[in-house]
Amino acid sequence: MTTTPVLEAIDETLETQGQPPVNVIYEWLTTVDHKKIGLMYIVYALLFLVVGGFEAILMRIQLAIPNNHFVSPQVFNQLFTMHGTTMVFFMGMPILFGMGNYLVPLMIGARDMAFPRLNAFSFWISAFAGILLYYSYIGGSGLYAAGSAPDVGWFAYAPLTSKVFSPGHSTDYWTLAVLLSGVGSIGTALNIVTTILCMRCKGMKMSRMPLLPWLYLVMSGLVFVAVSPLTAAQVMLTLDRYLGSHFFDTQAGGSAILWMHFFWIFGHPEVYVLVLPAFAFANEIIPVFSRKAMFGYPAMVAASVSIGFISLSVWAHHMFTAGLGPAGNTFFVFATMVISVPTGIKIFNWLATIWGGKIIFAPPMMFMVAFLFQFLIAGLTGIMLSAAPFNWQLSASYFVVAHFHYVLVGAIVFSLFGAFYYWYPKVTGKMMDETLAKWHFWLFLIGFHLTFDFMHVPGILGMPRRIYTYEAGRGWDTLNFIVGIGAIFQAVGTLILVYNMIHSYYKGKEAGHDPWDAWTLEWSVPSPPPSYNFAIEPTVNSRRPLWDLKHPEDPDSDYE
Amino acid sequence: MTTITTASRIPIDGPVETPWKLPYRGTIGMACLIIAESAIFIIFVVAYIYYIGKSLSGPTPAQVLELPIFGTICLLSSSIFVHFAVSSLRKENYRGCTLNLAATVLLGTIFLATTAREWYHLIHDEGLTIKTNLFGTTYYSLVGLHATHVVVGLIMLSLVLCFSLAGLVKEEHSEKLEVLSLYWHFVDAVWVVVFLVVYVLGR
């Protein structure tokens, strides 16, 4: 076998080892390297995951027993507002963008993103937005000495956000933080699309691109049409609050319903912005641990693109109780139900990929199996809620809260944890401890089901979301207590993950280039990858370039 | 033991097909920005249309708005000049490029001046501000958002004009100037929509 010289030797010279800490910090602060920016996104998101999780725990303690006075009603309002805003804008978006930032250039054989400096700008503006949101605890009271952190709920319905009902600056911090995070999101999405369209390595046609970049392409396209309306709506809200305009001022003929429309035009596609990367991780991990090529690649791409399009026409299913009229209700019921078709195609494709495969139950695959199961249930309760009459009954109840947490935690967070275990060896060069990983998996799985399976029931029994306490004897007591217990399991599981990540970084086994015997380009470079990624720009002949390399007798390219 | 080192060792089967050419990243990036900006404008336009005739007090658009024909002609024709600037640069006609850029900046500035005059008239003579009623709210925000984009475009075009006057803009920069011209065309196209919505539909 002929060997081409590999320029790994130069990796060492570029390392920051032995540098004084000031230089290292300076390098991280000024870096435009997509891998470092991606890691900073992930670390920043994990910090907010801990903060947002802490807020969730406080809320569960408050609700664990009836007539509890652990926190005041005002603090409870702030907790659910901050929890929702943090988890969507400062945990979900950045962590998925971070993964995309790290992986997309590596998977398409590029040396960096298309606009490295825009990339750094987008990260820092998002990071600033997160800090701005939490600064509200200090600066929110303003000159009026009223308010602290935002307490208007994560969708901030008008007219609650007007100056009259939200004096002080708490709502301003919310608006500006969300606005800035939107600017960062649009910048990064622009970068991802441009990178995918303009930076692919030789031979990587769109039809040969791995599914992760494909799904990030769809997700970034959605960001343009979903996050921009939110940015526009936040500008309007800022004008209302600062210049006295009347967009959402019902006293002057403005419409509160218009805010609902604008928010949910963002809000529902946003769910798909968050879940598409979760699908993307599943698309990479499931085939590798089933030892089979992805089943139905074109169908997967088509399903993702159609999810993108359909998701733009479902927003008003969040507004059935606002009164849309029969025509509007019918349209949004059907549009919402239709979206389960491409989603179902995806689930069948994943099952068909696993079917007949040599399944390896390493930690990433364990999380993926849980992801499949839980995402299915989340989708089914979604179809229930999409029926308008059912929705009228259960809207704004704990059933809704349980449904969307099933999507966000059961599907997205599980997929994300799988992705952590899968790509951690690439990022650090060390394997993660498998025993700890299994502890994390089982604790988190049990905790998740204790919390969110049982949370459906008080919803059906009539418990509204966002109440800070409730009376005993309504049949909610035991259920809420179990939900609280589950939250503790999840917290312990997550702490084990954090410990495992730190522990394995110092004590883990060496991973080498390709610990999972995988097929995409990121596994062809050293772990961690050098700053230029590829010493020699790669070329590809098929969807699984490393398979071709390892099996020259039976390359994939023969079947394309 | 064979170690897999780099994917560049994968042999290419057969002769390399047509040279590997991907789109220019500036164009794609600008296209993405235009899509995102369009979504922002759509929201403001929807709000404008939704609130037509819903103001609880005067003045109404029919009482105070006049068709800004002159400004519109200036802005739309500036699009043609920026196009000429790009094509002159491609042909290495640097003088033509500078002149066309100057014309673009001049026409854009005239448009901005007509908007400023209109706002002065509305605020000073008619007493219409963003606080007055829903018409004021939606009018100033939509037209203001567009004017902000004109200002940004003018700043960038003026920078290029300065570089061009200094003789620094060369043929190899034509792709970049084209990206800027895309933005300017977008700003002009938005004005067509704003014009139709504010001055035709809304009056």
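Quick caveat: nothing in here was measured; it's all calculated off a predicted structure.

Regarding the environment of Arg474(A)
Residue and element names in this part refer to chain A.
Reasoning step 1: Note that Arg474 resides in the loop between helix H15 (434-460) and helix H16 (477-507).
Reasoning step 2: By the C-beta count within 10 Å, which is 12 here, Arg474 ends up exposed.
Reasoning step 3: Taking C-alpha positions, Arg474 is 9.7 Å from Pro66, a pair spaced 408 residues apart along the chain.

Observations concerning the interface of chain A and chain B
Reasoning step 1: Counting residues at the interface gives 52 residues for chain A, matched by 36 residues for chain B.
Reasoning step 2: For the side of chain A that touches chain B, the elements supplying multiple residues, two or more each, are helix H6 (170-198), helix H7 (211-243), helix H8 (256-290) and helix H17 (545-550) of chain A.
Reasoning step 3: It is H7(A) that provides the largest number of residues to the side of chain A that touches chain B, a total of ten residues.
Reasoning step 4: Considered class by class, the residues forming the side of chain A that touches chain B number 31 nonpolar, 15 polar and six charged.

Here's the deal with H7(A)
Reasoning step 1: Between the first and last C-alpha of H7(A) there are 47 Å, a value that for 33 residues agrees with the 48 Å anticipated at 1.5 Å per step.
Reasoning step 2: Most of H7(A) sits inside the fold, with 27 of its 33 residues counted as buried.

Observations concerning the packing of helix H4 (residues 73-107) of chain A against H6(A)
All names here are of chain A.
Reasoning step 1: Orientation of H4 relative to H6, taken along the N-to-C sense of each, is 20 degrees, at an axis distance of 11 Å. Relative to H6, H4 is oriented roughly parallel. Note on packing geometry: the crossing formed by H4 with H6 is left-handed. Contacts from Thr85, Phe89, Phe90, Met93, Phe97, Gly100, Val104 and Pro105 of H4 reach H6 at Trp174, Val178, Ser181, Ser185, Thr188, Ile192, Thr195 and Ile196.
Reasoning step 2: Class assignment for the residues of the contact of H4 with H6 results in ten nonpolar, six polar and no charged.

Concerning the confidence of the model for chain A
Regions with low pLDDT carry predicted coordinates that are not meant to be interpreted in detail.
Reasoning step 1: Confidence along chain A averages 92 in pLDDT terms, with 96% of residues attaining 70 or more.
Reasoning step 2: Residue range residues 1-13 of chain A is modelled with pLDDT below 50. Its contacts to residues more than four positions away, or to other chains, number eleven contacts.

Brief notes about helix H4 (residues 94-125) of chain B
Reasoning step 1: Over its 32 residues, H4(B) extends 46 Å from the first C-alpha to the last, a length consistent with the 46 Å expected when each residue adds 1.5 Å.
Reasoning step 2: What H4(B) keeps buried is the set Cys97(B), Thr98(B), Asn100(B), Leu101(B), Thr104(B), Val105(B), Leu107(B), Gly108(B), Phe111(B) and Leu122(B).

A word on the packing of H7(A) against H8(A)
Residue and element names in this part refer to chain A.
Reasoning step 1: Remark: H7 packs on H8, axes separated minimally by 8 Å, with the N-to-C direction vectors making an angle of 165 degrees. Viewed along their axes, H7 and H8 adopt a mutual orientation that is roughly antiparallel. Classified by chirality, the crossing of H8 by H7 is left-handed.

What about the environment of Phe54(A)?
Reasoning step 1: Its place among the elements puts Phe54(A) in helix H3 (residues 34-64).
Reasoning step 2: Sequence separation between Phe54(A) and His83(A) is 29 residues; the distance between their C-alpha atoms is 8.7 Å.

Thresholds, definitions, all that
Residues numbered from 1 in each chain as written. Chains lettered and ligands numbered in written order. Predicted model: local features only at pLDDT ≥ 70, side-chain atom pairs only at ≥ 80, totals over all residues. Helix = DSSP H or I, 4+ residues; strand = E, 2+ residues; numbered from the N terminus. Buried ≥ 20, exposed ≤ 12 C-beta atoms within 10 Å, placed from the backbone. Contact = placed C-beta atoms within 7 Å. Nonpolar A, V, L, I, M, F, W, Y, C, P; charged D, E, K, R; others polar. Expected span 1.5 Å × (residues − 1). Axes fitted to C-alpha atoms, helices over the stretch in contact; angles between N-to-C directions. Parallel < 35°, antiparallel > 145°, perpendicular 65-115°, else oblique. Left-handed = near helix turned anticlockwise from the far one by under 90°. pLDDT = per-residue confidence, 0-100.

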